[in-house]
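An overview of the molecular structure
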Amino acid sequence: MTSLATLPGFLAYFVTGVALLAAAMAIYVRVTPHAEMTLIRAGNAGAAITLGGAMLGFCLPIASAFAHSVNLVDAAVWSVVALCVQIGVFFAVSRLLGGDWRGAMERGEVAGAILKAVVAVSVGLLNAACLST
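Residues numbered from 1 in each chain as written. Predicted model: local features only at pLDDT ≥ 70, side-chain atom pairs only at ≥ 80, totals over all residues. Heavy atoms only, no water.

1. What about the overall build of the protein chain?
- Scanning the protein chain for helices and strands turns up six helices and zero strands.
- Ordered by position from the N terminus, the helices and strands of the protein chain form the series α-α-α-α-α-α.
- Over its C-alpha atoms, taken along the principal directions, the protein chain stretches across nearly 55 × 30 × 20 Å.
- The 133 residues of the protein chain split such that 36% are buried.
- Excluding contacts between residues fewer than 6 apart, the proportion of contacts in the protein chain whose partners are at least 24 apart in sequence is 76%. (Helix = DSSP H or I, 4+ residues; strand = E, 2+ residues; numbered from the N terminus. Buried < 20%, exposed > 50% of the residue type's maximum accessible area, 1.4 Å probe, protein only. Contact = heavy atoms within 4.5 Å.)

Okay, here's the thing in structure tokens:
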């Protein structure tokens, strides 16, 4: 069956992609000043929106790196670059939101969370596009 001939390559890239995404999210929740998973488990919509946007923002350049890289190592390197960009964007947007952005997140306010999520996805999309040049 020739259609399954590329299955090992698919599995290698898929497992690596999941591992890169999991590592990126683990680093992201460690460097941000709130306990996103605790807040989400408590029903905090703002935390869920922000974390979901960050995940999409990470996933877009990882997918683009896989599509445009010559091998898994190259893709992983560009995924790390994307992670650095996304973390930088988180803190830049946080500064734009003012001094009480952390309290707003913990109270479950969604306005800032929506902005953070949209910026994370937007920058992730730009990051992904830049990987194809």
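Next comes the rest of the account.
2. Here we look at the packing of aromatic side chains
- Inspection of every chain in the model, using the stated rule, returns three aromatic pairs.
- Ring centres of F10 and F14 lie 5.7 Å apart, and the angle between their planes is 15°; this geometry places the pair in the stacked category. In this pair, F10 and F14 are both assigned in helix α1 (residues 7–31), four residues apart and thus about one turn of the helix distant.
- Seen from their ring centres, Y28 and F58 are 5.7 Å apart, and the 80° between their planes marks the pair as edge-to-face. Of this pair, Y28 sits in helix α1 while F58 is found in helix α3 (residues 45–68), placing the two residues 30 residues apart along the sequence. (Phe/Tyr/Trp six-rings, centres within 6.5 Å; stacked < 30°, edge-to-face > 60°.)

3. Considering α1
- Here α1 contains 25 residues, and its C-alpha end-to-end distance of 36 Å stays within 8% of the 36 Å for a straight helix at 1.5 Å per residue.
- All of the buried residues along α1 are G17, L20, L21, A24, M25 and Y28.
- Where the residues of α1 are buried, they touch α2 (36–41), α3 and α4 (72–97). (Expected span 1.5 Å × (residues − 1).)

4. Some thoughts on the side chain of H34
- Its location among the elements puts H34 in the loop between α1 and α2.
- On the basis of relative accessibility, which here comes to 4%, the residue H34 falls in the buried class.
- Setting aside chain neighbours within four positions, we find H34 in contact with V29, L39, F90, W101, R102, M105, E106 and K116.

5. Considerations on α4
- The terminal C-alpha atoms of α4, which comprises 26 residues, lie 37 Å apart, in line with the 38 Å expected from a rise of 1.5 Å per residue.
- Residues of α4 that are buried include every one of A75, S79, A82, L83, Q86, I87, V89, F90, V93 and S94, and no others.
- Tucked inside the fold, the buried residues of α4 contact α1, α3, α5 (101–106) and α6 (111–130).
- Capping the start of α4, N71 holds a side-chain oxygen 3.1 Å from the backbone nitrogen of V73, two or three residues further along.
- G98 sits one or two residues past α4 and shows a positive phi near 95°. (Polar contact = N/O pair within 3.5 Å; in protein donor to acceptor, adjacent residues only side chain to side chain.)

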